[in-house]
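Summary of structural features
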Amino acid sequence: MFMMSFRLRRREMLIGGAALLLVLVLGITGIGRVWKGSDSVAAEAAAGTAAVKVSEMKKASGKTNDDRLKFIRAFGWEVEEEPAEIMEVIIPEEFDDVYTQYNAIQKKQGCDLEQYQGKRCKRYAYVITNYPGTEEAVQLTLLVCKNKVIGGDISSVNPDGFIHGFEMPQ
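About the cut-offs
- Along each chain, residue indices are assigned from 1 in the same order as the chain's sequence is written.
- Selection of residues for local features in this predicted model requires a pLDDT of at least 70, selection of side-chain atom pairs for listing and counting requires 80 or more, and totals for whole chains, interfaces and linings are taken over all residues.
- Values shown for side chains rest on all heavy atoms present in the structure; no hydrogens or waters enter the calculation.
- We count a stretch as a helix when DSSP gives it H or I for four or more residues in a row; a strand needs E for two or more, and each element gets its number in order from the N terminus.
- Note on exposure labels: buried denotes an accessible area under 20% of the residue type's maximum, exposed denotes more than 50%, and partly exposed covers the range between, all computed with a 1.4 Å probe on protein chains only.
- Contact definition: two residues touch when any of their heavy atoms are within 4.5 Å.
- Accessible areas in this description were obtained via Shrake-Rupley with a 1.4 Å probe; residue shielding takes into account the shown protein chains only.
- Among buried residues, those of type Ala, Val, Leu, Ile, Met, Phe, Trp, Tyr and Cys that are joined through side-chain atoms within 4.5 Å constitute a nonpolar core.
- Here, a salt bridge means any Lys or Arg side-chain nitrogen found within 4 Å of an Asp or Glu carboxyl oxygen.
- Note that the arc is defined by the directions from the helix axis to the C-beta atoms.

**Some details on the overall build of the protein chain**
Helix and strand content of the protein chain: five helices and five strands. The order of helices and strands in the protein chain, counted from the N terminus, is α-α-α-α-β-α-β-β-β-β. Residues counted as buried form 42% of the 170 residues belonging to the protein chain. Residue pairs at least 24 apart in sequence account for 63% of intrachain contacts in the protein chain once pairs closer than 6 positions are excluded. For the protein chain, the exposed area adds up to about 9,900 Å²; of that, 53% sits on carbon and sulfur atoms.

**Quick word on the environment of Ile163**
Position of Ile163 relative to the elements: it lies in strand 5 (residues 163-164). Overall, the relative accessible area of 17% leaves Ile163 in the buried class. Taking the C-alpha atoms as reference, Ile163 lies 6.7 Å from Asp153; in sequence the two are 10 residues apart.

**What to know about the nonpolar core**
Of all hydrophobic cores here, the largest spans 18 residues; its most connected members are Trp77, Ile128, Leu140, Leu142 and Ile154. Elements with a contribution of two residues or more to this core: helix 4 (65-73), strand 2 (120-127), strand 3 (138-145) and strand 4 (148-156). Here this core gets four residues from one element, more than from any other, and that element is strand 3. Not counting the four nearest positions on each side in its chain, Ile128 is found in contact with Trp77, Glu78, Val79, Val138, Gln139, Leu140 and Ile154. In terms of nonpolar packing, the next biggest core, distinct from the first, is built from 10 residues, Val89, Cys121, Ile150 and Ile163 among them.

**What about the pattern of salt bridges?**
The final tally for this structure, using the stated rule, is five salt bridges. Residue Arg73 is joined to Glu81 by a salt bridge in which the shortest nitrogen-to-oxygen separation is 2.7 Å. Judged by its relative accessible area of 46%, Glu81 is partly exposed. For Glu85, the salt bridge identified is with Arg123, shortest N-O distance 2.6 Å. In this pair, Glu85 sits in strand 1 (residues 85-90) while Arg123 sits in strand 2, placing the two residues 38 residues apart along the sequence. Since its relative accessible area comes to 23%, Glu85 is described here as partly exposed.

**Some words on helix 4**
Residues of helix 4 that are buried: Asn65, Arg68, Leu69, Phe71 and Ile72. Angular distribution of buried residues about the axis of helix 4 spans 160°; they occupy a single face of the element. Exposed side of helix 4, more than 90 degrees from the buried face: Asp66 and Lys70 are the residues found there. Contact partners of the buried residues in helix 4: strand 2, strand 3 and strand 4.

Written out as C-alpha cells, the structure reads:
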C-alpha cells in the first residue's frame with residue numbers, strides 16, 4: 001500500500017484553489033478567450049522565437065528539489081524553497097483545444113508534450129517571489145517525467161490572468 005501525506009499552509013491552499021479554478025475556467029470558456037495573446041502562440045511556437053530554450057537544458061534533472069530549484073533559477077526566477085503543490089498527472093493520449101494551446105507554449109520553449117501522451121508525470125508548483133510588475137500570486141509549474149524536466153509554465157492564479165513559458169518578461 002502506498003500512502004502520501006501533505007502539509008498545506010493557508011496560502012498554498014489559496015494558490016492551489018485559484019489554480020484549479022483557472023483550469024476549470026479555461027476548460028469551460030475556451031483557452032483563446034482567457035489567455036491574452038494566445039492567437040499568436042501557435043505561430044510563435046512554429047517560429048521558435050522564445051528567448052530561452054528549455055531544450056538547451058535537455059539534461060535538466062528534476063529528480064530532487066535542489067535540481068528543480070537550480071533549473072528554475074537558471075531562468076532568473078526566485079521561488080519559495082518548497083513546492084506549494086506536488087501532483088501526479090497523466091498527459092492525455094489525445095489533446096483537446098486546451099492541451100493543444102498549452103503544448104504550443106511548450107514548443108515555443110523547446111519542449112513538446114506529444115511524445116509524453118498517455119504518460120504519468122509529476123507536476124511541481126512553486127510560488128514565484130520576484131515576478132516583475134505585479135503583486136498578485138504567480139506560480140511556476142514544472143512537469144517532470146522519469147526525473148527529467150519536460151515542460152512547464154509561469155501563470156497567474158487569477159482566472160483572467162496570464163500564462164507563458166519560463167522566460168522572464170521584459
